Amino acid sequence: MHVNVVIVAAGKGTRLQSGLPKPFLSVAGRPILVHTLRRFTPIEMVRRIVVVVAAERETLCQEVLHTHGPWPQPITVIHGGAERQDSVRNGLAALETQCEVVVIHDAARPFISVEAIQRSIDAAAATGSAVVATPVRDTIKRADAQHTIRETVSRHDLWLAQTPQTFRVEVIRAAHRWAQQRGIAGTDDATLVEQMGRPVRLVPGDALNFKITTPDDLALAQAVIQAPNGVWQ
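Parameters and conventions
Per chain, residue numbering runs from 1 following the sequence as it is written. Only residues with pLDDT of at least 70 are given local features in this predicted model, and only at 80 or more are side-chain atom pairs given and counted; all residues enter the totals for whole chains, interfaces and linings. Side-chain descriptors were evaluated using all non-hydrogen atoms of the structure, hydrogens and water having been removed beforehand. Elements are defined by DSSP. Helices are runs of H or I of four residues or more, strands are runs of E of two residues or more, and each kind is numbered from the N terminus. Here the globule rule is a power law, 2.2 Å times the number of residues to the power 0.38, and the radius of gyration is based on C-alpha atoms. Note on classification: 1.4 Å probe, protein chains only; a residue is buried when its accessible area is under 20% of the maximum for its type, exposed when over 50%, partly exposed between these limits. Stacked, edge-to-face and tilted labels apply to pairs of Phe, Tyr and Trp rings (six-membered ring for Trp) whose centres lie within 6.5 Å, assigned for plane angles under 30 degrees, over 60, and everything in between, in that order. When DSSP finds two or more bridges between two strands, those strands count as paired. Throughout this description, the term nonpolar core refers to a set of buried Ala, Val, Leu, Ile, Met, Phe, Trp, Tyr and Cys residues connected via side-chain atoms within 4.5 Å. Contact definition: two residues touch when any of their heavy atoms are within 4.5 Å. Axes here refer to lines fitted to C-alpha atoms; in helices the fit is confined to the stretch in contact. Angles between the N-to-C directions go from 0 to 180 degrees. Here, a salt bridge means any Lys or Arg side-chain nitrogen found within 4 Å of an Asp or Glu carboxyl oxygen.

### Regarding the overall build of the protein chain
In terms of helices and strands, the protein chain carries seven helices and 11 strands. The C-alpha atoms of the protein chain give a radius of gyration of 18 Å, which matches the 17 Å a tight globule of 233 residues would have. If you line up the protein chain on its principal axes, its C-alpha atoms span 55 × 40 × 35 Å. In the protein chain, which comprises 233 residues, the proportion classed as buried is 47%.

Structure follows, in structure tokens:
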């Protein structure tokens with residue numbers, strides 16, 4: 001199977017107030033982007049990786065890739081768009097013509113396991129679309145504007161969607177075209193496929209696959225990597 005990966009690294013990371021986008025912040029001596037890329041490079045069926053960055057960060061991204069290379073697969077750097085959905089669409093346009101399955105992943109999730117990536121590829125190849133997710137463990141409350149609880153929501157069929165979100169190329173390209181023609185914006189790629197009326201398979205993920213968004217997340221990522229018990233390999 002011919003697989004490409006799109007790493008979305010075009011966000012501004014404003015909640016971290018760091019001056020640099022999240023993927024380029026250092027954790028345990030390496031940029032987050034490098035940690036993330038190294039989760040995908042051992043997978044033999046991955047033939048190319050596309051990294052989507054803001055135009056003003058292309059030089060920095062190329063420097064990071066050069067400093068921490070060489071890489072087993074070719075890595076292409078392209079410019080993102082105004083919103084994440086635009087950036088993913090740009091990434092899809094840069095896939096190899098022979099690509100059958102595309103894995104779309106947030107650069108700021110450096111702890112995805114190789115096993116979960118492989119499960120998502122297998123599921124997408126079989127069904128068309130797959131999302132790595134974890135079951136909701138906490139009790140969910142629905143509240144009003146005054147933060148008063150109005151309902152306790154059953155969690156037995158609720159999942160927290162993560163990335164990677166993996167698709168047969170023709171499915172996700174069709175979903176993005178469909179959404180663009182109708183002016184529809186989704187919070188993730190799977191939403192577009194769902195709204196188009198196509199099924200999406202959930203693939204069990206891991207709570208460790210968190211997205212680095214806040215300073216607390218950054219500190220947690222540092223602790224995970226440096227943990228002496230080898231919690232992350």
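On we go from here.
### Some points on unusual backbone geometry
The omega torsion of the bond from G69 to P70 falls at 0 degrees, within 30 degrees of zero and hence cis. Checked against the element boundaries, P70 lands in the loop between helix 2 (58–68) and strand 5 (75–79). Despite not being glycine, A28 shows a phi value in the positive range, around 55 degrees. Tracing the backbone shows A28 in the loop between strand 2 (26–27) and strand 3 (30–31). By relative accessible area, A28 is classed as partly exposed at 29%. Within the chain, H147 stands out as a residue other than glycine whose phi angle is a positive 65 degrees. Relative to the elements of secondary structure, H147 occurs in the loop between strand 8 (140–143) and strand 9 (149–153).

### Quick look at the packing of aromatic side chains
Describing an aromatic ring pair means giving the distance of the ring centres and the angle of the ring planes. Scanning the entire structure with this criterion turns up one aromatic pair. Geometrically, the ring pair formed by F111 and F210 is tilted, given 5.4 Å between the ring centres and 45 degrees between the ring planes. Of this pair, F111 sits in the loop between strand 6 (101–106) and helix 4 (114–127) while F210 sits in the loop between strand 11 (201–204) and helix 7 (215–226), and the two are 99 residues apart along the sequence. Under the relative-accessibility criterion, F111 is labelled buried at 3%. Residue F210 is classed as buried on the basis of its relative accessible area of 14%.

### Notes on the pairing of strand 10 (residues 159–168)
Strand direction decides the pairing type here: strand 6 and strand 10, joined by four bridges, are antiparallel. Bridged to I104 within strand 10 is Q165. Across six bridges, strand 7 (residues 129–135) lies against strand 10 in antiparallel orientation. Looking across to strand 10, one finds that S129 is bridged to F167.

### A look at the nonpolar core
By size, the foremost hydrophobic cluster in this structure holds 32 residues, and its most contacted members are I7, L33, L37, F40, I49, V51 and C61. Of all elements in the fold, only strand 1 (3–9), helix 1 (32–40), strand 4 (46–53), helix 2, strand 6, helix 4 and strand 7 reach the threshold of two or more residues within this core. In terms of residue count, helix 4 provides more of this core than any other element does, six residues in total. Setting aside anything within four residues of it in sequence, one finds L37 in contact with I7, I49, V51, L65, W71 and I75. Judged by nonpolar contacts, the second largest core, of 21 residues, contains V52, V169, A175 and W178.

### Description of the side chain of D217
Within the secondary structure layout, D217 lies in helix 7. Those residues in contact with D217 that sit more than four places away from it in its chain are F210, K211 and I212.

### Some details on the sheet that holds strand 4
Ordered in space as 5-4-1-6-10-7-11, the seven strands form an open sheet in which the pairing is mixed. Since the sheet does not close on itself, it has two edges, and those belong to strand 5 and strand 11, each with one partner. Mean inter-strand twist for the sheet, computed between neighbouring axes without regard to direction, equals 30 degrees. Here helix 4 sits on the sheet in contact with strand 1, strand 6, strand 7, strand 10 and strand 11, set at roughly 60 degrees to strand 10.

### Digging into the pattern of salt bridges
Within the structure shown, the criterion is met by eight salt bridges. Between D86 and R89 there is a salt bridge, and its shortest N-O distance comes to 2.7 Å. Placement of the pair is D86 and R89 together in helix 3 (residues 84–93), with a separation of three residues, close to one helical turn. Given the relative accessible area of 21%, R89 is considered partly exposed. With its nearest N and O atoms 3.3 Å apart, the salt bridge here joins R109 to D106. Note on accessibility: R109 and D106 belong to one class, buried. Within this structure, R84, D106, R109, D189 and K211 form a network of salt bridges that share partners.

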